[in-house]
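Structural overview
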Amino acid sequence: MQTFEGQQVLVVGGTSGVGLAAAAGFAAAGAEVTVVSRSREKVDEALKSLGDRAHGRTLDIRDDEQVDRFLAAAGAFDHVVVSAGVTPTGRADTLPLPDAYAAMDSKFWGAYRISRQVSIRPGGSLTLVSGYLSVRPGRASALQSAINAALEALGRGLALEFAPIRVNTISPGLLDTPLWDGLPEASRESMFAATVQKLPVGRVGLPEDVAEAILYLAGNAHSTGTTLFVDGGGSIA
Ligand SMILES: NC(=O)c1ccc[n+]([C@@H]2O[C@H](COP(=O)([O-])OP(=O)(O)OC[C@H]3O[C@@H](n4cnc5c(N)ncnc54)[C@H](OP(=O)(O)O)[C@@H]3O)[C@@H](O)[C@H]2O)c1
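Scope of this entry: the structure provided in the associated data block. What you are looking at is a predicted structure, and each value in this text was computed from that prediction instead of being measured.

How each quantity is defined
- Within each chain, residues carry numbers counting from 1 in the order of the written sequence.
- Selection of residues for local features in this predicted model requires a pLDDT of at least 70, selection of side-chain atom pairs for listing and counting requires 80 or more, and totals for whole chains, interfaces and linings are taken over all residues.
- Water and hydrogen atoms were dropped before computing side-chain values, which therefore reflect all heavy atoms in the structure.
- Here a helix means four or more residues in a row that DSSP labels H or I, a strand means two or more in a row labelled E, and each is numbered from the N terminus.
- C-alpha atoms define the radius of gyration, and 2.2 Å times the number of residues to the power 0.38 defines the globule rule.
- When DSSP finds at least two bridges between two strands, those strands are taken to pair.
- Axes here refer to lines fitted to C-alpha atoms; in helices the fit is confined to the stretch in contact. Angles between the N-to-C directions go from 0 to 180 degrees.
- If even one non-hydrogen atom of a residue comes within 4 Å of a molecule or strand, that residue is called near it.
- Two N or O atoms count as a polar contact when they lie within 3.5 Å, although within protein this holds only if one can serve as hydrogen donor and the other as acceptor, and sequence-adjacent residues are included solely when both atoms are side-chain atoms.
- Per-residue and other accessible areas were derived by the Shrake-Rupley procedure at a 1.4 Å probe size, with only the shown protein chains allowed to occlude residues.
- Put simply, Ala, Val, Leu, Ile, Met, Phe, Trp, Tyr, Cys and Pro go in the nonpolar bin, Asp, Glu, Lys and Arg in the charged bin, and everything else, Gly too, in the polar bin.

Turning our eyes to something else, we now look at the overall build of the protein. Within the protein one finds seven helices and seven strands. Ordered by position from N to C terminus, the α and β elements of the protein give β-α-β-α-β-α-β-α-β-α-β-α-α-β. Here the C-alpha radius of gyration of the protein, 17 Å, is about what a compact globule of 237 residues would show, namely 18 Å. Considering only C-alpha atoms, the protein reaches an extent of 45 × 40 × 35 Å along its principal axes.

With that settled, the discussion passes to the sheet that holds strand β7 (residues 227-230). Here seven strands make up an open sheet; going across it, the order is β3-β2-β1-β4-β5-β6-β7 and the pairing parallel. Where the open sheet ends on each side, the last strands, each with one partner, are β3 (55-58) and β7. Adjacent strand axes in the sheet meet at a mean angle of 20°, parallel and antiparallel pairs treated alike.

Here we take up the site of the ligand. The environment of the ligand is formed by 29 residues, the closest being Ser16, Ser37, Arg38, Lys42 and Thr177. Between the ligand and Ile61 there is a distance of 3.0 Å, counted from a nitrogen atom to a backbone nitrogen or oxygen. Side-chain polar atom of Thr177 to an oxygen atom of the ligand: 2.5 Å apart, as the coordinates give it. Here the ligand loses 93% of its free accessible area of 890 Å² to cover by the protein chains. For the shell around the ligand, a count of residues per class yields 12 nonpolar, 12 polar and five charged.

Structure below.
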């Protein structure tokens, strides 16, 4: 198993779903992990499962000043993962414009705010989390496709700008995470069932599937500027 012993890792959005699974993976591999997200409750809950060496802070990545203050005080990390953001689904002709701007502000500009300011030690890495809609748009997700494609392009560009710090993007497919908790159970189940029918791997993804890939990219010294799809074949289905 890859070791991150003695390394410091920041997981933005590390209190739920993909981010929490990545934080748990890094912690199990010996890292000292810091998780941040907006909700105090989620931070406290995540810390209970991450062990004594984990730290947690509330942070809203939509807020320039909060991000400035947090990163100025946080010091440097060896590896940073950004797995935060909220992007409502909706056709471009019906999704209200303020909601569309808010989605971009949360997932794209949030990742950009963190990336441009976080201090990463030599030999370290930054991993962004996008989504397979970047290359496989749906019928009500043009905006999400654009946000995810923008993140993947950002990752490639930052890999040049920040070199020798390595920058990569993970692009998940549909995952069973708390992201979908707001949907009525029947709708969620039918969305998962329809996806299982289409996917070559025959199951919906788990946060741990994606976390494993995040740890791989953080640990692989020859990977940078890449987008790794962990989508069960969703982008070719
Ligand atoms: N689940 C899927 O099917 C799927 C598919 C493709 C791509 N993705 C992408 O994968 C990433 C992680 O998704 P997930 O499924 O793990 O979602 P999740 O379980 O809802 O976790 C999202 C995390 O981000 C935090 N967060 C949200 N907005 C934030 C903000 N403004 N500032 C700081 N933290 C914020 C949340 O905590 P707080 O609420 O406390 O802020 C939470 O810790 C997202 O970018 C998502 O778009 C997910």
